[in-house]
Amino acid sequence: ETIAERTLLTRNNWVRGQAANIAYNFTADALANSITNVLDNSWLSVNGTLNANANSQFKFGASGRLNVYGSLNTSGTSGQPVLFTNAAPGAPRWTGITIATLTRLNQLNYCTITNADKGIYASYSKLNLDHSSISNCRMGLDLYGMVSVKYYCNITNSIISNCDAGYPGLNIESSDKVTVTSSEFKLNGGWGARVYNYANPRFYFNLFNSNFFGVTVENNSNPRFGDYVVGDVGGNTFQGNTSTAIIAIGASPFLGLNTGGGV
């Protein structure tokens, strides 16, 4: 089924069978308090624009997923976030959100993503994640190919927590343009964040709390926990992590100048 006109998603909506597609240059608006149900082995594909308003919900069955090739925008509030979750408490995990938009901006404000295999996988896209949370997923946020002003990710005031043992809350690979600010990575069974394969993100004023690993940096990656400026403070805090706060394997993370900058 293809949505090829301006469409309002109100009350209970159902995606059955294999796919529902929001066509290129068309928009669907999930109104406040609406529920969109994507059933087992079904998916919603966004080639146009999907706008989700405060307290709208998207519930996914086993292997259900959201594919974004156009633009996804959430406009939740602190008390009424947009929710992406599995079909019911205790139901199997859904696949997650895949974002591969190339040219359009995805703006996720005040959204909650839970119980997915991978909360968000974003590659070669533009993503701003603000005042949002990703929790109880196998992996939280997986970023690849954010390599220029065309492809980037900004994470601010967000929380990634309770991801599975052996997996990262935040995974950053082959990406130069990732900035993480004032966010928290906690209670993840693997890494708070894993940075590898020539990835060079920047971290400012974040908390890595009670993960197994704080941050692992690998394979020619050079993340910055602060800038090359005298007196600049990265402001990152590492506490309660089971293993070493920052582990570098074949990489050179910048931890700040010895004049007071850095972690």
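Our structure is the block above this text.
Residues numbered from 1 in each chain as written. Predicted model: local features only at pLDDT ≥ 70, side-chain atom pairs only at ≥ 80, totals over all residues. Heavy atoms only, no water.

Caption draft 1: The arrangement of the nonpolar core in detail. Among the nonpolar cores identified, the biggest contains 52 residues, and Leu66, Phe84, Ile97, Ile120, Leu141, Leu143 and Leu170 are the most heavily contacted of them. If we skip the residues at most four places from it in the chain, leucine 141 touches Ile120, Leu127, Leu129, Ile134, Ile155, Ile160, Gly169, Leu170 and Asn171. (Core = buried A, V, L, I, M, F, W, Y, C linked by side-chain atoms within 4.5 Å. Buried < 20%, exposed > 50% of the residue type's maximum accessible area, 1.4 Å probe, protein only. Contact = heavy atoms within 4.5 Å.)

Caption draft 2: Quick peek at the environment of alanine 248. Tracing the sequence through the fold places alanine 248 in strand β30 (residues 246-249). On a C-alpha basis, the gap between alanine 248 and serine 221 in space is 8.9 Å, while along the polypeptide they are 27 residues apart. Those residues within four positions of alanine 248 in sequence are excluded, and the remaining contacts are Val217 and Pro253. (Helix = DSSP H or I, 4+ residues; strand = E, 2+ residues; numbered from the N terminus.)

Caption draft 3: Examining the side chain of asparagine 67 more closely. Mapped onto the elements, asparagine 67 comes out in strand β10 (residues 65-68). If we skip the residues at most four places from it in the chain, asparagine 67 touches Trp43, Leu44, Ser45, Val46 and Thr98.

Caption draft 4: Main features of the pattern of salt bridges. Per the stated rule, a full pass over the model turns up 4 salt bridges. A salt bridge links aspartate 117 to arginine 138; its shortest N-O distance comes to 2.7 Å. Here arginine 138 lies in the loop between β18 (133-135) and β19 (139-144) and aspartate 117 lies in strand β16 (residues 116-123), a separation of 21 residues in the sequence. Ionic pairing is found between aspartate 142 and lysine 118, a salt bridge with its closest N-O pair at 2.9 Å. (Salt bridge = Lys/Arg side-chain N within 4 Å of Asp/Glu carboxyl O.)

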